[in-house]
Each structure stands twice: as structure tokens, then as C-alpha cells.
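Structural characterization, general
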Amino acid sequence: REMKSLLGLLKVALQRHAEVFTGSSIFCVRTFAHLMPLLTAPGLSENVGETIVWTLCQLIGALSNARDPKVFAALFVGTADLVEDVSQVLEIQLAAAAHSWQAGHHSGHGHAAVLCCYAGALAHICAADAAGPLTPPRSGSNSGGAAATAATTTTAIATASTAVTMALAIAPEVGLMVEVAGPDAAAALASAACKLMHHALRCSAQTTV
């Protein structure tokens, strides 16, 4: 019930306040990363799953309008990689379930997998967090105060730039972990990944990367 309520609120926000999402690519990716793992949650109804996929597609659309092509490209590549990875996981789990089925065990028992995905997109979140807000202090009333403010601001920007560079450098070690517990979860995630890829391809036409 809580998940349905939260998805309902997010749907209203996307429909009525799209500017909040198009105004921040990092906010879109952060929200996307929170929703994606829910697709493989146990006991998830088909209706809720479809709502999650719809919301993820809307976030991709908002990201394509956020005027940040590098972040959109990272999410696009992450989705393409997910389609490939989850298809392999599904094939492996189906084969394993067929050869090791035992009476009394649910489908896919003992064949859980964890996918690490969207490393590039999450690296941009790490970079944004590392950079922090760049709010310069108020300048003084004399020239000395103004000079001090300029120097402080320059130092802050240089420090933030270094932090961003370091965050992007560790991108291969960053990723969204999604647990896939059995063939059913793999099939649901594979279906969702294909729908996301289709939507991302449609949105990519209006995004210059």
C-alpha cells in the first residue's frame, strides 16, 4: 500500500510539476535508481510493476529534456547493458531451474543473482555529491573583501572540479545493485528493461549526445 501511495504521488509530480525533473538531471537519475530495484521485489503485483515501468519511462523522458546529454547518454548505455545482462541471467536461471528442480522448492530456488548496473549514471551522482553546492560567500565592502571572495570562490571551484574528476574515475566501482531471485524476477526485469530501452531510443532522437 505504501509503495502504491508513493508511486501515485510521484506520478502526480511528474504530470503537474515536470519542470522539477527537467530542471535537474541528477535528481532524475537519483529517483530512477531508487525505483529500479523495486521491479524485482518479491510479491510485486503486475499492476504495480507496470506503474513502476511507466514512472521510469517518464523519468527517462524528463532526463532527455534536462539539457544534460552526458547524463542521458550514461543512462541510455546503462539501459542497453541491462537488457544484455538480464537476458543472460534469465537464460542461465531457466537452465539451472530446469536441471535442479526439486519437489517442494519454488521456481528458481537457490539461483539468485545480483546485477551491477548503471555505473556511468551513478558516477554522475557521486560527482555531484562530491562537488557539493558552490555558494560563494558575500563580498566585503572594500576591494580587499572582494579580492578575498574571488580567491575563495576560485579555490572552491577548483576543489569541486577535483572531486568531480575523482568521482568519475571510480565509475567502474560504482553501480546499482539489483537482486534477481529466480526466473520470474529475471523475466519481469528483462521485460521492463526492453520497454525502457524502447522509450530511451524514442527520447534519444531529441537529445544531442
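Residues numbered from 1 in each chain as written. Predicted model: local features only at pLDDT ≥ 70, side-chain atom pairs only at ≥ 80, totals over all residues. Heavy atoms only, no water.

Helices and strands together make up the secondary structure of the protein chain, namely eight helices and two strands. Residues counted as buried form 37% of the 209 residues belonging to the protein chain. Within the protein chain, contacts between residues at least 6 apart in sequence are counted, and of these 80% link residues at least 24 apart. Of the accessible surface of the protein chain, which amounts to about 11,900 Å², a share of 59% is contributed by carbon and sulfur atoms. (Helix = DSSP H or I, 4+ residues; strand = E, 2+ residues; numbered from the N terminus. Buried < 20%, exposed > 50% of the residue type's maximum accessible area, 1.4 Å probe, protein only. Contact = heavy atoms within 4.5 Å. Areas by Shrake-Rupley, 256 points an atom, 1.4 Å probe, with all protein chains shown as cover.)

Right, let's get into the nonpolar core. In terms of nonpolar packing, the biggest core is built from 50 residues, with Phe32, Met36, Leu56, Tyr118 and Leu189 touching the most fellow members. Looking at which element gives the most residues to this core, the answer is helix α8 (residues 183-204), with 10 residues. In this structure, Leu189 is in contact with Met36, Leu39, Thr40, Leu82, Val86, Leu115, Val178 and Val180, ignoring residues within four places of it in sequence. (Core = buried A, V, L, I, M, F, W, Y, C linked by side-chain atoms within 4.5 Å.)

Moving on: helix α3 (residues 25-35). α3 sits mainly inside the fold: eight of its 11 residues count as buried. Looking at α3, one finds that the buried residues are Ser25, Ile26, Cys28, Val29, Thr31, Phe32, Ala33 and Leu35.

Here we come to α8. Side chains that are three or four residues apart share a direction in an α-helix, a result of its 3.6 residues per turn. Taking 1.5 Å as the rise per residue, α8 with 22 residues should run 32 Å; its terminal C-alpha atoms sit 31 Å apart, in good agreement. Considered for burial, the residues of α8 that qualify are Pro183, Ala185, Ala186, Leu189, Ala190, Ala192, Ala193, Leu196, Met197, His199, Ala200 and Cys203. (Expected span 1.5 Å × (residues − 1).)

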